[in-house]
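Residue strings, one per chain:
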Amino acid sequence: MRLLALALACLPSFGMADGFFTLKGHGGPVMGVAVSPTGQIATASFDNSVGLWTGATPQWLDGHEAAVNTVRFVDDARLVSGGDDFRVLLWENATPRELGAHQGKVVALDVSGDLVASASWDGTIGLWSLDGQAPVFLEGHDAGVNDIAFSADGSLLYSASVDGTLRVWDVASGEVERLILHHGFGINQLVLNEAAGWLAYGAVDGVTRVVDLATDTQIADFTLDRRPVLAIASNPDMTRLAVGDGEGFIMVIDAERWRIARDYRATARGPVWALAFAPDGANIHAGGLDDAMYSWPLETLTEHGQMTTAARDFLKDPDEMSNGERQFARKCSICHTLTPGSARRAGPTLYKVFGRPAGTVTDYSYSDTLTGSDIVWDEDSINALFDLGPDHYIPGSKMPMQRITAEQDRKDLITYLRGATAGGEDRP
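Bear in mind the structure is a predicted one, so any value in this text is a computation, not a measurement.

Novice: Can you tell me about the overall build of the chain, naming the residues and giving the values?
Specialist: Scanning the chain from N- to C-terminus turns up five helices and 28 strands. For 428 residues, the compact-globule estimate of 2.2 N^0.38 gives 22 Å, and the chain sits close to it at 22 Å. Oriented by its inertia axes, the alpha-carbon framework of the chain measures out at about 65 × 50 × 50 Å. Across the 428 residues of the chain, 57% fall into the buried class. Entry remark: accessible area of the chain is about 17800 Å², with carbon and sulfur atoms responsible for 50%. Distance between charge centres in the chain, computed from 33 positive and 57 negative side chains, equals 6 Å.

Novice: Go over the sheet that holds strand β22 (residues 229–234) with me, naming the residues and quoting the values.
Specialist: Taken together, the four strands give an open sheet; going across it, the order is β22-β23-β24-β25, and neighbouring strands pair in antiparallel fashion. Here the strands that pair on one side only, and so sit at the sheet edges, are β22 and β25 (259–265). Mean inter-strand twist for the sheet, computed between neighbouring axes without regard to direction, equals 20 degrees. Pairing of strand β23 (residues 240–245) with strand β24 (residues 249–254) involves five bridges; the strand directions are antiparallel. Bridge pairing in β24 places Val 243 opposite Met 251.

Novice: Which residues make up unusual backbone geometry, and what values do they have?
Specialist: Geometrically, the link from Arg 227 to Pro 228 is a cis peptide bond, its omega value of -10 degrees lying close to zero. Its location among the elements puts Pro 228 in the loop between β21 (218–221) and β22. Its identity as a non-glycine residue notwithstanding, Ala 94 has a phi of 65 degrees, on the positive side. With respect to the helices and strands, Ala 94 occurs in the loop between β8 (87–92) and β9 (95–101). One non-glycine residue, Arg 344, lies in the positive phi region at around 55 degrees. With respect to the helices and strands, the residue Arg 344 is situated in the loop between α2 (323–331) and α3 (379–388).

Novice: If you had to explain the sheet that holds strand β17 (residues 175–182) to someone new, which residues and values would you point to?
Specialist: Through backbone hydrogen bonds, the strands of a sheet pair up, either in parallel or in antiparallel fashion. The strand order across the open sheet formed by four strands is β14-β15-β16-β17, and the pairing between neighbours is antiparallel. The open sheet terminates on both sides in strands that have one partner only, identified here as β14 (145–150) and β17. Within this sheet the neighbouring strands show an average axis-to-axis angle of 20 degrees, counted without direction. Note: strand β16 (residues 165–170) against β17, six bridges, orientation antiparallel. By the bridge assignment, Val 168 is partnered in β17 with Arg 178.

Novice: Mind laying out helix α5 (residues 407–420), listing which residues take part and the relevant values?
Specialist: Compared with an ideal rise of 1.5 Å per residue, which puts 14 residues at 20 Å, α5 spans 20 Å between its outermost C-alpha atoms and is within 8% of the ideal. For α5, the complete set of buried residues consists of Arg 410, Leu 413, Ile 414, Tyr 416, Leu 417, Gly 419 and Ala 420. Residues of α5 that are buried in the fold lie against α2 and α3.

Novice: Any chance you could break down the confidence of the model for the chain for me, citing the residues and the numbers?
Specialist: Across the chain, pLDDT averages 91, with 93% of residues at or above 70. Contacts from residues 1–17, a stretch scored under 50 in pLDDT, to residues over four places away or in other chains number 39 contacts.

Novice: Summarise the packing of aromatic side chains; cite the residues concerned and give the values.
Specialist: For the structure shown, the criterion picks out ten aromatic pairs. Between Tyr 264 and Trp 296, the ring centres sit 5.8 Å apart and the planes meet at 75 degrees, which makes this aromatic pair edge-to-face. Placement of Tyr 264 in strand β25 and of Trp 296 in strand β28 (residues 292–297) is noted, with a sequence separation of 32 residues between them. Ring geometry for Tyr 364 versus Tyr 366: centroids 4.9 Å apart, planes at 80 degrees, classification edge-to-face. Judged on exposure class, the residue Tyr 364 and its partner Tyr 366 are both buried. Three or more aromatic residues joined by ring pairs form one cluster here, namely Phe 20, Tyr 264, Tyr 294 and Trp 296. For Arg 226, the ring lying beneath its charged end belongs to Phe 249, and the centroid distance is 3.8 Å. We note Arg 344 situated over the ring of Trp 60; from NZ or CZ to the ring centre the distance is 4.0 Å.

Novice: Would you mind going over the pairing of strand β7 (residues 78–83) in detail, with residue names and values included?
Specialist: Consecutive side chains along a regular strand alternate between the two faces of the sheet. Taking burial as the measure, the six residues of β7 include six buried ones, the bulk of the element. Side chains of β7 alternate between two faces, with Arg 78, Val 80 and Gly 82 and Leu 79, Ser 81 and Gly 83 buried alike. One ladder, built from six bridges, connects strand β6 (residues 68–75) with β7; its direction is antiparallel. Its bridge partner lying in β7, Asp 75 is registered against Arg 78. If you look at the hairpin formed by β6 and β7, you'll find two residues sitting between the two strands. Bridging between β7 and β8 involves five bridges; their strand directions are antiparallel.

So, how was this worked out
Residues numbered from 1 in each chain as written. Predicted model: local features only at pLDDT ≥ 70, side-chain atom pairs only at ≥ 80, totals over all residues. Heavy atoms only, no water. Helix = DSSP H or I, 4+ residues; strand = E, 2+ residues; numbered from the N terminus. Rg over C-alpha atoms; globule rule 2.2 N^0.38 Å. Buried < 20%, exposed > 50% of the residue type's maximum accessible area, 1.4 Å probe, protein only. Areas by Shrake-Rupley, 256 points an atom, 1.4 Å probe, with all protein chains shown as cover. Lys, Arg positive; Asp, Glu negative; His and termini not counted. Charge placed at Lys NZ, Arg CZ, Asp CG, Glu CD. Pairing = 2+ DSSP bridges. Axes fitted to C-alpha atoms, helices over the stretch in contact; angles between N-to-C directions. Expected span 1.5 Å × (residues − 1). Contact = heavy atoms within 4.5 Å. pLDDT = per-residue confidence, 0-100. Phe/Tyr/Trp six-rings, centres within 6.5 Å; stacked < 30°, edge-to-face > 60°. Lys NZ or Arg CZ within 6 Å of the ring centre and 35° of its normal.

Listed below in structure tokens is the structure:
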């Protein structure tokens, strides 16, 4: 903890003086961003890691076995993370300690004192005590839980769900205190301002609304013809809200006058998945399909560059690709490179994969299942992998659950990989 605290003490301020900047180094999209009170930035990525940034230099926190969706600071020396491996990890001195696990992916976290809450797609909310007490799971939603927020004193917990409801829970009893509303579509994000008496939420159908906590009635509606809403964040004094959507826009709302103050297309293509403000409120940090976090000064938001997502294979025009390349782009490209080096991707490089024993790429950390496996990658094993699905062909693998059901699509993928992964001396 002392080493991390020292790093924080040396951390330069990210604020208006720094202007627009990026934090680069991840091997996959940035799914979550968190900021400590002193300005330390943590990023959660599809590459299975958390980046802890001192200036532009990352310390990689590697402990998850699948994509990391969310990260939150407990204090200036500790943070928690949750991911597609269903686990909630506490990090101290870059060392992970597993608090516990859900039965589905963990997509949001909040912290109140020594209590951590986790939202999971298994339909529950986990309450994890940092002092080692047994976890408690709050059950009542009819589908996955997407977001959560503690009240200021930690006695209440607000939740948003795929079932379209906003609920308030009594933390001590674990019971639902009240249902705020039932929206017609899944609710993805919420921001709570108890002091001012409002709650803002964003939904799958693009709705962005603010409701009164005392009466549960609508205060304001900022719904635009863009969907879904994927991220909402507030600045420290709760006077500004930033809203990110699936079409790549960041909308800034003036929460004192309830009007749209800024509206900026932050990505040329693709979504805005994560948002957070700097401690002084001067900059908005964002993550999307790019392997980097972007930070824009709020006052000059529209005067800077967009996230660059053009390199993503799955964003290419499908008509310009063979069927085999399309299958690779859709199923494989976000996790694997075709060139030497795994480049911090969520999966190992596929360079010279044919004839290679599974679990042998030296710059990738495999699951125990593949370490020492007797699988050798060839046409038959790759075909079986996508025919049965990784969860059946290699139980316990970190590879996401997916299949290619059409035999011809699998054959075309294998043909494409045979050429694209060969070394220069072998490439047809």
